[in-house]
Amino acid sequence: AGAMAETTAATTSGGGDGVQFLSFSGKMDVYALGRDKAPIDPDQLYIVEPQSLMRGYICWKGSKVVGRVSWSIYEPEKEVHKLDLPDHSPYRDGEGWNSLLSFGCVEASAARTAVSFSSSSVSGRNSIGGLIDEISARLLAGEPYIPLILFGSESFMAQDQKNYKPILDVDCWLTREQSMAWFDGSMSLEDAMAGKAPRKKSGKKKKNGKK
């Protein structure tokens, strides 16, 4: 919880290993998933893994990513300072290294697609930072802290121009036990969302009748 709070304070103001990268365009108001930049279903729920929260930097040049570095918020000793990042200049306006926040989640469906969402925009980092704050507060209060979210958006005005920011709308909060029970198939998502407790697993009996 402390690591989450420090991350918020420091940053807010296609994938590998089967993970699909999800991005959001503030100009287009569009989410793009994977190498094919596929749209996502706005009604699709995703289970966020708090242990996947990452900080870092991303470098844009010529509308392309030319550098990226990130580390877990739970391993601050691995932090890379911005002054130590490689220089890819010359840059145009808006290019260069920017702070990045990201998290991993899983599509709450039979497909169970693993997704990594990241943002380097101020509005995007604020949205992720707000979610981090909520998770942190619930951890400290001993409440269910694993969010089940929808990816949405809302408009705002910036420099007299209409823009959009990602909204991470929490549908409900799950316990670690509920989310794991859904993953292993012993509990339906509907029951988890209804607040039901997972069934306790009975120990396997040995041939002599002992557990």
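Residues numbered from 1 in each chain as written. Predicted model: local features only at pLDDT ≥ 70, side-chain atom pairs only at ≥ 80, totals over all residues. Heavy atoms only, no water.

This next bit is on the pairing of strand β2 (residues 30-33). The pairing of strand β1 (residues 19-25) with β2 spans 4 bridges and is antiparallel. Of the residues in β2, the one forming a bridge with serine 23 is alanine 32. Hairpin connection between β1 and β2: a loop of 4 residues separates the two successive antiparallel strands, and aspartate 29 in this loop has a positive phi of roughly 60°. (Pairing = 2+ DSSP bridges. Helix = DSSP H or I, 4+ residues; strand = E, 2+ residues; numbered from the N terminus.)

Moving on to the nonpolar core. Within the largest apolar cluster, 38 residues are counted, with the highest numbers of intra-cluster contacts made by Phe103, Phe117 and Phe151. Sequence-distant contacts of phenylalanine 151, that is, excluding residues within four places in its chain, are made with Leu22, Tyr31, Ile40, Pro42, Tyr46, Phe103, Cys105, Phe117, Ile167 and Leu168. Ranked by size, the runner-up nonpolar core spans 5 residues in total, among them Tyr57, Cys59, Leu85 and Trp97. (Core = buried A, V, L, I, M, F, W, Y, C linked by side-chain atoms within 4.5 Å. Buried < 20%, exposed > 50% of the residue type's maximum accessible area, 1.4 Å probe, protein only. Contact = heavy atoms within 4.5 Å.)

Take the pairing of strand β8 (residues 161-174) next. Looking along a regular strand, one sees the side chains alternate between the two faces of the sheet. Sheet topology places strand β7 (residues 146-158) next to β8; 13 bridges connect them, and they run antiparallel. Across the sheet, residue serine 155 finds its bridge partner in β8, namely tyrosine 164. A loop of 2 residues connects β7 with β8, the two strands running antiparallel in sequence, and glutamine 159 in this loop sits at a positive phi of about 55°.

Along helix α3 (residues 176-183), the residues that are buried comprise Arg176, Gln178, Ser179, Ala181 and Trp182. Backbone geometry just downstream of α3 places glycine 185 in the positive-phi region, at approximately 85°.

Once that is clear, we can look at the pattern of salt bridges. Taken as a whole and judged by the stated rule, the model has 7 salt bridges. A salt bridge links lysine 165 to glutamate 154; the nearest nitrogen and oxygen atoms lie 3.3 Å apart. Of this pair, lysine 165 sits in strand β8 while glutamate 154 is found in strand β7, placing the two residues 11 residues apart along the sequence. On the accessibility criterion, glutamate 154 (38% relative accessible area) is partly exposed. (Salt bridge = Lys/Arg side-chain N within 4 Å of Asp/Glu carboxyl O.)

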